[in-house]
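What the coordinates show
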Amino acid sequence: MSDTESMEVAEVDAPAVPKEKSSTAQTRKSHLPWIEKYRPTKFEEIVGNEDTIQRLSYFAQAGNVPNIIIAGPPGVGKTTTILCLARILLGPAIKDAVLELNASNERGIDVVRNQIKMFAQQKVTLPAGRHKIVILDEADSMTDGAQQALRRTMEIYSHSTRFALACNNSEKIIEPIQSRCAMLRYSQLSDAQILAKVMDICEKENASHTKEGLEAIVFTAQGDMRQALNNLQSTVNGFGHVDEKNVFKVCDEPHPILVKEMLQNCVNGDIDAAYKILAHLWKLGYAAEDLIQNIFRVCKTMDKIGEFLMLEFLKVTF
């Protein structure tokens, strides 16, 4: 084979490698959990808690961010918000300048003394006026000893490192750490906010769905966006179609229609009929806690029974 022919072969065969890499990257992305695939990367994409996010955007514009604690229920975007803040502040340096730990797994004093302290001591090239960031998810799971050690570390390395703690219950964070941080509280997401996000993802994924199916997703999520997206993806992957029946098969919860019928029988004074439904649900294997939770949820949606009667039902279930 001549040199000219070998060059022509090389020119033809060369593009095959990037195509394989591109195909592999697309395959990996398609297999991502939707909670990661559609995780917001900018403040504007985060759903809910607009006032708190606006406060953080002011911090980001100023550049000098204090230590922060974000407290709120699961699945409302606490960790996502901190990661968005880190991207704005650090840009490309985020890979070297951010340490992310899940404190529910790594919660002992050794983690603070070794991993966090060593990271705080490292020298990293950063934009002017920026700091390294330590993200501690589920920080309320840290032991008291680890929190005491963390308090001292926050003091010593305040010139180079900022700490961002995400937790469900801020009361479990010791007061010395709380006093060193700006406290931001997140509230539960509304049904309308979750429904809008779920509809958007269904459109992007071209997922077959019904209105009742999406309402069932929202009902099972109870203000938790992570739960909503997991349930949506599980239903799509398992059945190919999101309707009410398939959603409750995936989530395996007492069906709200049966629970509503049971409560309506109670309102009408037909206790025997109400008991038959309850016995049926019990025979299906649902735990008492699952039954009480769904009775509580369904009861809140029954506006027609009157406020007084609704409150009486809620008192019993609560």
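- The name given to the protein chain in an unreviewed UniProt entry is Replication factor C subunit 2, and the organism recorded there is Cloeon dipterum.
- The heading Sequence similarities (unreviewed entry) in the UniProt record of the protein chain holds the text "Belongs to the activator 1 small subunits family."
- The annotation that UniProt attaches to the protein chain under Subcellular location (unreviewed entry) is "Nucleus".

Details of unusual backbone geometry
- Even without a glycine there, the phi angle at E138 is positive, about 55°.
- You can see E138 is positioned in the loop between strand 3 (132–137) and helix 8 (144–156).
- The backbone phi angle of Q222 is positive, close to 55°, even though this residue is not glycine.
- Turning to its location among the elements, Q222 is positioned in the loop between helix 11 (211–221) and helix 12 (225–239).

Quick look at the nonpolar core
- Formed by 65 residues in total, the largest nonpolar core has its most connected members in L56 and L232.
- Per-element tally for this core: the top contributor is helix 5 (residues 78–90), with seven residues.
- Ignoring any residue separated from it by four or fewer positions in sequence, one finds L232 in contact with W34, V198, I201, C202, I217 and V242.
- F119, F163, I173 and C181 belong to the second largest nonpolar core, which has 23 residues in total.

The rules behind the values
- Residues numbered from 1 in each chain as written.
- Predicted model: local features only at pLDDT ≥ 70, side-chain atom pairs only at ≥ 80, totals over all residues.
- Heavy atoms only, no water.
- UniProt positions renumbered as here; feature names shortened; annotations may be inferred.
- Helix = DSSP H or I, 4+ residues; strand = E, 2+ residues; numbered from the N terminus.
- Core = buried A, V, L, I, M, F, W, Y, C linked by side-chain atoms within 4.5 Å.
- Buried < 20%, exposed > 50% of the residue type's maximum accessible area, 1.4 Å probe, protein only.
- Contact = heavy atoms within 4.5 Å.

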